[in-house]
Amino acid sequence: MHEFKYANAEREMEFYGYDSVIKSHCRMCHGGCGVLVFVKDGKVAKIAGDQDCPINHGTLCSKGLASAQLAYHPDRLTYPVRRVGPKLSGKWERISWDEALGTIAARILGYKEKYGAESVVFGYGTGRENEAAIYRIANLLGSPNVLTAGHFCYGPRIATSIITCGTNPIIDYENFPKCIMMWGNNVTISNPDCYKGEPFSVALDAGAKLIVIDPRLTRPAARANLWLQLRPGTDAALALGMLNVIVNEELYDKDFVNNYTYGWDDFVKRVNEYPLERVEAITWVPREKIREAARLFAVTKPAAVQWGVAIEQQINCADNDRLLMFLMGLTGNIDVPGGQVLFKAPPIVNVGRFGAHDKLPQEQAAKRLGGERFRLAGQFAIINPKAVWDAVLDEEPYPVKMLFFISSNPVLTRANAREVYRALEQVDFMAVSDFFMTPTAELADIVLPASTWLEMDYIGDFWKRHGYILPRRKVVQVGECRSDHEMLNDLAHRIGQGEYWWDSFESGLDYILEPLGITWQEFKQIDYVRGEVKYKKYKEKGFSTPTRKFELYSTVLEKMGYDPLPQHREIPESPVSTPDLYEEYPYILITGARQPGFFHTENRQIPWLRELHKDPQVEIHPETAAKEGIKEGDWVIIESPRGKVRQRAKLFAGIDPRVVAAQHAWWYPERKEPGHGWDESNINILTDNGYEGCDPAMGATNVRALLCRIKLELGN
Ligand SMILES: Nc1nc2c(c(=O)[nH]1)N[C@H]1C(S)=C(S)[C@@H](COP(=O)(O)OP(=O)(O)OC[C@H]3O[C@@H](n4cnc5c(=O)[nH]c(N)nc54)[C@H](O)[C@@H]3O)O[C@H]1N2
Ligand SMILES: Nc1nc2c(c(=O)[nH]1)N[C@H]1C(S)=C(S)[C@@H](COP(=O)(O)OP(=O)(O)OC[C@H]3O[C@@H](n4cnc5c(=O)[nH]c(N)nc54)[C@H](O)[C@@H]3O)O[C@H]1N2
Ligand code: SF4
Ligand SMILES: [Mo]
């Protein structure tokens, strides 16, 4: 048994009669928190935070604590099933893994033969740590089409940081930033990607100044030195305004600018197109506040930008990401202690190499759906979801015949949900791997039961950029559930990829660890491995970009035919771009701000977590509510030109009266009829996915700022 620091562990073991305690790493969200899992009679009895873990230092969130309620949920799928009868008939029969994977393999090979490998689309959800195996099977098959949330989540941060400075700059909380600018993010709730809320809170307690850029008064905004309540979707203009101040007041790091950047003069011309009067008019933020924020951020060292997904789910996605990197770079905060570090991963086979991207033939890569339109995305193997729905529904530019979703619920999480639903109803064959029979899984032909994090061995945080890898250790087995990696390893053998896979997936873990010189069994014995920590690496080698400089003027975007400098584009549906529509739909709708107990569509059936959020809620300013005759708790109809849904009013003075904020990903697993009310409160019924409204380089769909109207539901 491992040595562990947990004050009550031994007493609890004795008092409750636990049989064992196993160290592992949670993955109820993007994962990473160290846990101690107490086991009794072969079942998980309790989960506690591991104080030795450098990621969470013993803290856990509600989702991590409730993990066992997911693992042992009575509705959980514990064996493979095949649909009998038409879609939504609700009739399923139990089949063996052999039959399930045999059928899926035969379909894959059949479609490949008849329509080409590109007619088979794999899809995965966010950060479930199965992407390396999914890309591996797709690339070896010859399909360039892996559908993810990468067009509007995290993928843009990776793509834009690679073309700007070589990798994603991660905040060095260990060395205490003295100023944090939290931008379109709420890390203490979301704990996303490479970040957890705990080190952020510790940095604030240690005295860091805080600037928050958010249209809503979040908890961090309430304790911030400055809160900039911008008009949703105007982040690019705001960042350009701040950069204008930093440039014209000469608050930038001159050594960095002179020696390590590319395109300064052009960049200065561009920021001068954004004087603060113009920026104030676009963003609704008073110019004095913009100036104050720019100064505070630029003069306090070290400083860091805690950025989030809100800046990516917009038409200015890639430019927003680059602008925030410019704020980090020009103030001298890249690769310095307490700033934003280009961390090195431990020497392992990384996600990209494991994903076998080099095995995808060029002529197949050229067929990537949407790759010609969204060229930056295409280069990073990311596709826009609408391109998949079009290929299913209209067979344009070629037919897609099979969808295989492994940890994704696109009926609720992708824009224009009715179109998504139509595509899933119509596709020739669909397989899903999930924990539950979700509204997406219900449209499948075969559904496979997936293991939770408590039921698998894996290398946690293997895809992240913070420099750590952590062993996730299998604690229990539930039914016939299999991890996605084991399932794909088996499937790969059945479609002729055996030579690239392993007899058992444990050897796949050994393969990942090979460059480190250890095996999985050895890795399992240690707490974590961290890559070498070194600052200012660019001083020796430059940045890993075509010019070896920090690219303010992007030579990569220029080559792809895009504007090499960032700009503000007005969002497609707004008081400015569609004034007539604004008369009919007089509020700006933002969607998806995270809730602590849920992870997108997940956890609405988990008792402790549903207790935290019983119904979907839409935040409305009290003045707006009064104008519309809406009271706290009323059911409200929210409507956009695409459709309408219902959520409950939450009166909230921390939002601008011209803006409302609805929750995303709602369905009702407690309702037993097929569909589980998937279209009743699902905000993606309202969002649009038209190509014109997407970011031109990344194909990011705009789900953060659209127009809507609200009214009291009759019968309240
Ligand atoms: N309107 C609006 N829409 C949004 C957003 C928004 O802010 N607003 N946010 C978007 C963002 S950022 C993202 S990343 C996407 C997320 O979109 P998705 O990743 O599609 O999110 P989920 O709907 O949670 O889908 C995960 C499904 O996989 C299952 N699952 C969980 N873990 C595993 C596993 O290990 N293996 C398998 N096989 N199944 C598993 C869960 O039960 C669930 O049904 O949603 C996006 N949609
Ligand atoms: N509990 C929980 N945790 C999660 C998730 C979850 O569903 N539940 N999802 C995970 C995923 S996949 C992701 S991507 C992350 C996302 O996590 P974060 O990056 O923290 O993003 P959100 O909470 O979606 O939004 C952050 C803030 O952006 C604000 N915002 C909305 N529109 C705009 C805008 O136009 N500009 C600016 N500047 N701000 C705006 C919202 O008001 C909100 O407070 O969370 C991850 N963690
Ligand atoms: S933040 Fe994520 S990894 Fe940490 S306990 Fe919560 S769900 Fe688990
Ligand atoms: Mo995401």
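Residues numbered from 1 in each chain as written. Chains lettered and ligands numbered in written order. Predicted model: local features only at pLDDT ≥ 70, side-chain atom pairs only at ≥ 80, totals over all residues. Heavy atoms only, no water.

**Quick notes on the overall build of the protein**
Tallying secondary structure elements over the protein gives 29 helices and 27 strands in all. Oriented by its inertia axes, the alpha-carbon framework of the protein measures out at about 65 × 60 × 60 Å. Put simply, of all contacts in the protein between residues at least 6 apart along the chain, 74% involve residues at least 24 apart. If you sum the accessible surface of the protein, you get close to 25300 Å²; carbon and sulfur atoms cover 49% of it. Charged side chains of the protein number 84 positive and 93 negative; the gap between the two group centres comes to 1 Å. (Helix = DSSP H or I, 4+ residues; strand = E, 2+ residues; numbered from the N terminus. Contact = heavy atoms within 4.5 Å. Areas by Shrake-Rupley, 256 points an atom, 1.4 Å probe, with all protein chains shown as cover. Lys, Arg positive; Asp, Glu negative; His and termini not counted. Charge placed at Lys NZ, Arg CZ, Asp CG, Glu CD.)

**Quick look at the pattern of salt bridges**
Applying the stated rule across the entire model yields 56 salt bridges. Between Lys672 and Asp75 there is a salt bridge, with its nearest N and O atoms 3.2 Å apart. Here Lys672 is found in the loop between β26 (659-662) and β27 (706-712), whereas its partner Asp75 is found in the loop between α3 (67-71) and β4 (81-83), with 597 residues between them in sequence. Look at Lys672 and you get exposed, because its relative accessible area is 57%. Among the ionic pairs, Glu540 bridges to Lys534, the shortest N-O distance being 3.6 Å. What makes Lys534 partly exposed here is its relative accessible area of 32%. Counted as one network, the salt bridges with shared partners bring together Lys23, Asp50, Asp52 and Asp527. (Salt bridge = Lys/Arg side-chain N within 4 Å of Asp/Glu carboxyl O. Buried < 20%, exposed > 50% of the residue type's maximum accessible area, 1.4 Å probe, protein only.)

**What to know about the packing of aromatic side chains**
Counted under the stated rule, the structure contains 34 aromatic pairs. For the pair Trp264 and Phe267, a centre-to-centre distance of 5.7 Å together with 40° between the ring planes defines the contact as tilted. You can see Trp264 and its partner Phe267 sitting in helix α12 (residues 264-271), 3 residues apart, about one turn around the helix. Counting every residue linked through ring pairs, the aromatic cluster contains Tyr252, Phe256, Tyr260, Trp264, Phe267, Phe326, Tyr538, Phe543 and Phe550. The ring of Trp284 has Arg658 lying over it, and the distance from NZ or CZ to the ring centre is 3.6 Å. (Phe/Tyr/Trp six-rings, centres within 6.5 Å; stacked < 30°, edge-to-face > 60°. Lys NZ or Arg CZ within 6 Å of the ring centre and 35° of its normal.)

**Section: the nonpolar core**
The biggest cluster of nonpolar side chains holds 149 residues, and the ones touching the most others in it are Ile104, Phe122, Phe404, Leu424 and Ile638. Here this core gets 8 residues from one element, more than from any other, and that element is helix α5 (residues 131-141). Filtering out sequence-adjacent residues up to four positions away, Phe122 remains in contact with Ile108, Ile134, Ile137, Ala138, Leu141, Asn145, Val146, Leu147, Phe404 and Ile406. Ranked by size, the runner-up nonpolar core spans 55 residues in total, among them Leu226, Val285, Ala293 and Met328. (Core = buried A, V, L, I, M, F, W, Y, C linked by side-chain atoms within 4.5 Å.)

**With respect to the domain arrangement of the protein**
Looking at the assigned domains, one finds that the protein contains domain 1 (81-150 + 351-453 + 481-516), domain 2 (169-341) and domain 3 (579-712). For domain 1 and domain 2, the distance between their C-alpha centroids amounts to 37 Å. (Domains from an automatic or database assignment.)

**Quick look at empty space enclosed by the protein**
The final tally for this structure, using the stated rule, is 3 cavities of 30 Å³ or more. The calculated volume of the largest cavity comes to roughly 60 Å³. Taken together, Tyr154, Arg157, Asn168, Ile170, Asn185, Pro192, Asp193, Cys194, Tyr195 and Trp307 form the lining of the largest cavity. Considering only residue class, the lining of the largest cavity consists of 6 nonpolar, 2 polar and 2 charged. (1 Å grid on protein atoms, 1.4 Å probe; cavity = no way out; pocket = protein on both sides within 12 Å on 5 of 7 lines; lining within 4 Å. Points joined across faces, edges and corners; volume = space filled by probe spheres on them. Nonpolar A, V, L, I, M, F, W, Y, C, P; charged D, E, K, R; others polar.)

**Considering the environment of Tyr535**
Looking at the secondary structure, you find Tyr535 in the loop between β20 (529-530) and α25 (538-541). Using a relative accessible area of 25% as the deciding quantity, one classes Tyr535 as partly exposed. Separated by 394 residues in sequence, Tyr535 and Leu141 have C-alpha atoms that sit 40 Å apart. Every residue in contact with Tyr535, bar those within four places of it in the chain, is listed here: Asp172, Asn175, Asp335, Val336, Pro337 and Val341.

**Remarks on the site of ligand 1**
Around ligand 1, a shell composed of 32 residues is seen, among which Arg128, Thr413, Asp434, Asp484 and Thr601 lie nearest. Measuring from a nitrogen atom of ligand 1, one finds a side-chain N or O atom of Thr591 at 3.0 Å. Between Arg704 and ligand 1, the recorded distance is 2.9 Å, taken from a side-chain N or O atom to an oxygen atom. Protein burial of ligand 1: of its 920 Å² of free accessible surface, 99% is covered by the chains. For the shell around ligand 1, the class distribution of residues is 9 nonpolar, 15 polar and 8 charged. (Near = heavy atom within 4 Å. Polar contact = N/O pair within 3.5 Å; in protein donor to acceptor, adjacent residues only side chain to side chain.)

**Thoughts on the packing of helix α10 (residues 235-248) against helix α15 (residues 317-330)**
Relative orientation of the contacting elements α10 and α15 amounts to 25°, with a least axis distance of 9 Å. Classified by the angle their axes make, α10 and α15 are roughly parallel. When the axes of α10 and α15 are compared, the crossing they make is left-handed. Listed contacts from α15 to Asp235, Ala236, Ala239, Leu240, Met242, Leu243 and Ile246 of α10 are Asn320, Leu323, Leu324, Phe326, Leu327 and Leu330. Here the residues of the contact of α10 with α15 are counted per class, giving 11 nonpolar, 1 polar and 1 charged. (Axes fitted to C-alpha atoms, helices over the stretch in contact; angles between N-to-C directions. Parallel < 35°, antiparallel > 145°, perpendicular 65-115°, else oblique. Left-handed = near helix turned anticlockwise from the far one by under 90°.)

**Considering the site of ligand 2**
In the region of ligand 2, 34 residues are neighbours, and Ser190, Asp214, Asp235, Phe598 and His600 sit closest. Measuring from a nitrogen atom of ligand 2, one finds a backbone N or O atom of Ile213 at 3.2 Å. Val309 has a polar backbone atom sitting 2.9 Å from an oxygen atom of ligand 2. In isolation ligand 2 has 920 Å² of accessible area, and contact with the protein removes 99% of it. Each of domain 2 (169-341) and domain 3 (579-712) accounts for three or more of the residues forming the shell around ligand 2.

**Examining the side chain of Ser161**
As for its placement among the helices and strands, Ser161 is situated in helix α6 (residues 155-165). Within the structure, the side chain of Ser161 is placed 2.6 Å from the backbone oxygen of Arg157, a separation counted as a polar contact. Excluding its chain neighbours within four sequence positions, the residues that come into contact with Ser161 are Pro156, Gly166, Thr167, Asn168, Pro169 and Met325.

**Some remarks on the packing of helix α13 (residues 276-283) against helix α14 (residues 287-299)**
Two measures define how a pair of helices packs: the angle their axes make with one another and the distance between the axes. Between α13 and α14, whose axes approach to 9 Å, the crossing angle comes to 110°. One way to sum up the angle between α13 and α14 is to call them roughly perpendicular. Only Arg287, Ile290 and Arg291 of α14 make contact with α13, whose side of the interface consists of Leu276, Glu277, Val279, Glu280 and Thr283. Split by residue class, the contact of α13 with α14 holds 3 nonpolar, 1 polar and 4 charged.

**Description of the sheet that holds strand β6 (residues 120-124)**
Across the sheet, which stays open at both edges, the 7 strands sit in the order β5-β4-β17-β16-β15-β6-β7 with mixed pairing between neighbours. Strand pairing shows two members of the sheet lacking a second neighbour, β5 (92-94) and β7 (146-147), which therefore form its edges. Bridge analysis of β6 against β7 gives 2 bridges, and the strand direction is parallel. Bridge assignment links Phe122 to a residue of β7, and that residue is Val146. Sheet strands in contact with helix α22 (residues 484-494) are β15 (402-406), β16 (429-434) and β17 (446-449), and its direction is about 145° off that of β15. (Pairing = 2+ DSSP bridges.)

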